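# Tertiary structure, described
Given next are the chains, with one letter for each unit.
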Amino acid sequence: MIFFSASSPLSAEKLLELAKENSFLLLNPEKINCEEELLLAEKLTEISIKEKKAIAKTRENEFLLWLSAKKDISNAFREYGFKSPEKILVISFSQTKKQLLKMLEAKEKKLNLKKKATPLEIERISLSRVL
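### Section: the sheet that holds strand β4 (residues 107-109)
Read across the open sheet, the four strands follow the order β2-β3-β1-β4; overall the sheet is antiparallel. The sheet terminates laterally at β2 (24-27) and β4, the two strands that pair on one side only. Each strand of the sheet is rotated relative to its neighbour by a mean of 40°, with strand direction disregarded. Together, β2 and β3 (88-92) form the strand contacts of helix α3 (residues 59-68), whose direction differs from that of β2 by roughly 35°.

Shown next as structure tokens:
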């Protein structure tokens, strides 16, 4: 998985179209506090797919469900989706950063994430499917 923050001159509609066609996520960078959240969601996604317990049909959507601690993809996108092409968090499981920056006509921006998650951030993600 790669992730980075970027800014694009493309419209929100065009960005969403590219993300859907090319299987990557465009999220709101302000919703993510630390790298450990992303890494935990990635690991839980891998496990759920391997054990055939995934809720979503795609790796990207399954990842978003874990990251957002939601069970419904529309609610996850509504809460975690990017709000402006000026501030996007790009997450991909298959493309390189260079490919994505070119495709999105984007410029990379500094991503200010802590390395470690708080216990509550870890708990929110890891216990999101209990019950």
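### Details of the pattern of salt bridges
A pair can form between side chains of opposite charge whenever their charged atoms are brought close. This structure, assessed with the given rule, holds eight salt bridges. A salt bridge links E35 to K115, with the shortest nitrogen-to-oxygen separation between them at 3.0 Å. You can see E35 sitting in helix α2 (residues 35-50) and its partner K115 sitting in the loop between β4 and α6 (119-126), a full 80 residues away along the chain. Residue class for E35 comes out partly exposed when judged on its relative accessible area of 21%.

### Focus: the layout of surface pockets
In this structure, the largest pocket encloses a volume near 340 Å³. Along its surface, the largest pocket is lined by 14 residues, and A19, K20, F24, N61 and F77 are the ones closest to its centre. Counting only elements with at least two residues in the lining of the largest pocket, the list comes to α1 (12-22), β2 and α3. The biggest single contributor to the lining of the largest pocket is α1, with four residues. Looking at side-chain class alone, the lining of the largest pocket contains eight nonpolar, four polar and two charged residues. Taken together, S5, P29, E30, I32, K87, K109, K110, L111, N112 and L113 form the lining of the second largest pocket. For the lining of the second largest pocket, the per-class residue count stands at four nonpolar, two polar and four charged.

Basis of the calculations
Residues numbered from 1 in each chain as written. Predicted model: local features only at pLDDT ≥ 70, side-chain atom pairs only at ≥ 80, totals over all residues. Heavy atoms only, no water. Pairing = 2+ DSSP bridges. Helix = DSSP H or I, 4+ residues; strand = E, 2+ residues; numbered from the N terminus. Axes fitted to C-alpha atoms, helices over the stretch in contact; angles between N-to-C directions. Contact = heavy atoms within 4.5 Å. Salt bridge = Lys/Arg side-chain N within 4 Å of Asp/Glu carboxyl O. Buried < 20%, exposed > 50% of the residue type's maximum accessible area, 1.4 Å probe, protein only. 1 Å grid on protein atoms, 1.4 Å probe; cavity = no way out; pocket = protein on both sides within 12 Å on 5 of 7 lines; lining within 4 Å. Points joined across faces, edges and corners; volume = space filled by probe spheres on them. Nonpolar A, V, L, I, M, F, W, Y, C, P; charged D, E, K, R; others polar.

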